Amino acid sequence: MNRTIRTTEDVLALLDGLFPPAEPFWDRFYADRSAGRPFFTPEPDENLVSWLGRGLLPPAPGRALDLGCGVGRNAVHLASLGFEVDAVDLSATAVAWAEERAREAGAGARPRFHRASIFDARLPHAHYDLVYDSGCLHHLPPHRRVSYLALLDRVLAPGGHFAVTAFAAGAMGSERPDEELYRLGALEGGLAYSPDELRSLFREFTPLEIRPMAAQEADSPLFGVPFLLAALFRRTTDGPVGVPTGGPTDGRG
Ligand SMILES: C[S@@+](CC[C@H](N)C(=O)[O-])C[C@H]1O[C@@H](n2cnc3c(N)ncnc32)[C@H](O)[C@@H]1O
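The structure reproduced in this document is the subject of the present report. (Residues numbered from 1 in each chain as written. Predicted model: local features only at pLDDT ≥ 70, side-chain atom pairs only at ≥ 80, totals over all residues. Heavy atoms only, no water.)

This part takes up a nonpolar patch on the surface. Judged by side-chain polarity, I5, V11 and L14 come together as a nonpolar surface patch covering roughly 230 Å² of accessible area. Tracing the backbone through its elements, the reader meets L14 in helix α1 (residues 8-16). On the accessibility criterion, L14 (43% relative accessible area) is partly exposed. (Patch = residues over 30% accessible without salt bridge, like charges linked within 9 Å, V, L, I, M, F, W, Y side chains within 5 Å. Areas by Shrake-Rupley, 256 points an atom, 1.4 Å probe, with all protein chains shown as cover. Salt bridge = Lys/Arg side-chain N within 4 Å of Asp/Glu carboxyl O. Helix = DSSP H or I, 4+ residues; strand = E, 2+ residues; numbered from the N terminus. Buried < 20%, exposed > 50% of the residue type's maximum accessible area, 1.4 Å probe, protein only.)

The following block contains the structure:
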């Protein structure tokens, strides 16, 4: 069959195919634990700890969802504070390591880890009070922002918080326009976002804080690198996030 496109999902899947598959890349990334990548550390993000400490994020108990959780740094931290945590990652190698980390962390509730794409994960709850993403969004191809917004629309509770860390434009990541990435067929190690681009992408939410992550010393109990932006938003309105699917979108149809 040559004429395969019928739905929006078919278009998104076709566009996925223009880039190298992500899963084998991430499995290789986590396979060598001695590689010493910044994200291999067990420490939670300094911005997450700061937002909780300053009351910008409500304390536990609550339901939290960690998107692209990697080795579970932030998921394990949130669970240790008493949040009920679901954590999703595409890489089986990362999830196995995250499970180990959670066991080693000892007492208290553990996150539930799901090996899946964030777009396909079968989550036990319909809604989460906090959706947290440290470093996943910037690895998604541009068209998957459509799926990402639809995911947030589905899972973020009314009044809930959404937080993301992403490569900071000017510090790290590709600054090519979206269109060029498709011509190139590569994401160049991840996409850079400016504060305005994050505000625009998540325009249905109220921004509470957008700032560079605070770099941490080697012996810090927190994770912080200067090349990431940390952004915190709240879902304060009732309307949909992104373009509602399943109907006309802009009247030009
Ligand atoms: C830079 S790492 C960050 C890991 C972790 N959040 C942390 O901060 O330590 C990005 C993670 O996103 C995951 N990822 C990328 N695309 C994904 C997708 N579509 N669904 C689920 N996980 C994904 C990768 O497997 C990887 O673990």
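Counting across every chain of the model gives 17 salt bridges. E180 is the salt-bridge partner of R176, the closest N and O atoms lying 3.1 Å from each other. With a relative accessible area of 34%, E180 lands in the partly exposed category. Salt bridges sharing common partners tie together E46, R54, E209 and R211.

Take the site of the ligand next. The local shell around the ligand holds 18 residues, among which Y30, G68, R73, D89 and S134 are the closest. Taking L90, its main chain carries an N or O atom lying 3.1 Å from a nitrogen atom of the ligand. The separation between a nitrogen atom of the ligand and a polar main-chain atom of S134 is 2.7 Å. Contact with the protein chains covers 97% of the free accessible surface of the ligand, which is 600 Å². Along the lines of polarity and charge, the residues of the shell around the ligand split into nine nonpolar, seven polar and two charged. (Near = heavy atom within 4 Å. Polar contact = N/O pair within 3.5 Å; in protein donor to acceptor, adjacent residues only side chain to side chain. Nonpolar A, V, L, I, M, F, W, Y, C, P; charged D, E, K, R; others polar.)

On to the pairing of strand β5 (residues 156-167). As a general feature of sheets, a regular strand has side chains that alternate between the two faces. Taken across its 12 residues, β5 has 10 buried, putting it largely inside the fold. Note that strand β4 (residues 128-134) and β5 share six bridges and pair parallel. Within the sheet, the bridge partner assigned to V131 lies in β5 and is F162. Regarding the hand of the β-α-β motif, the stretch spanning β4, helix α6 (residues 144-155) and β5 is right-handed. Note that β5 and strand β7 (residues 228-234) share seven bridges and pair antiparallel. Residue pairing across strands places F162 opposite F233, the latter belonging to β7. (Pairing = 2+ DSSP bridges. Right-handed = clockwise from strand over helix to strand, strands pointing away.)

Glancing now at the layout of surface pockets. A probe matching the size of a water molecule, rolled over the atoms, marks out where space remains unfilled. For the second largest pocket, the calculated volume is near 230 Å³. Lining the second largest pocket are 13 residues, and of these R176, D178, A192, Y193 and E197 sit closest to its centre. Of all the secondary-structure elements, those providing two or more residues to the lining of the second largest pocket are α7 (178-184) and α8 (195-201). Grouping the amino acids of the lining of the second largest pocket by side-chain chemistry returns seven nonpolar, one polar and five charged. (1 Å grid on protein atoms, 1.4 Å probe; cavity = no way out; pocket = protein on both sides within 12 Å on 5 of 7 lines; lining within 4 Å. Points joined across faces, edges and corners; volume = space filled by probe spheres on them.)

Let us now look at the packing of aromatic side chains. Under the defined criterion, the tally for this structure stands at 19 aromatic pairs. Between W26 and F29 the ring centres are 4.8 Å apart and the planes differ by 70°, which places this aromatic pair in the edge-to-face class. With W26 and F29 both in helix α2 (residues 22-31) and three residues apart, this pair spans about one turn of that helix. Taken as a pair, W26 and F29 share a single burial class, namely buried. Where F29 meets Y30, the ring centres are 5.0 Å apart and the plane angle is 80°; that geometry is what we call edge-to-face. Side by side, F29 and Y30 carry an identical accessibility label, which is buried. These aromatic residues form a ring-pair network of at least three members: F25, W26, F29, Y30, F40 and W97. One residue, R73, lies across the ring of F223, its end atom 4.2 Å from the ring centre. (Phe/Tyr/Trp six-rings, centres within 6.5 Å; stacked < 30°, edge-to-face > 60°. Lys NZ or Arg CZ within 6 Å of the ring centre and 35° of its normal.)

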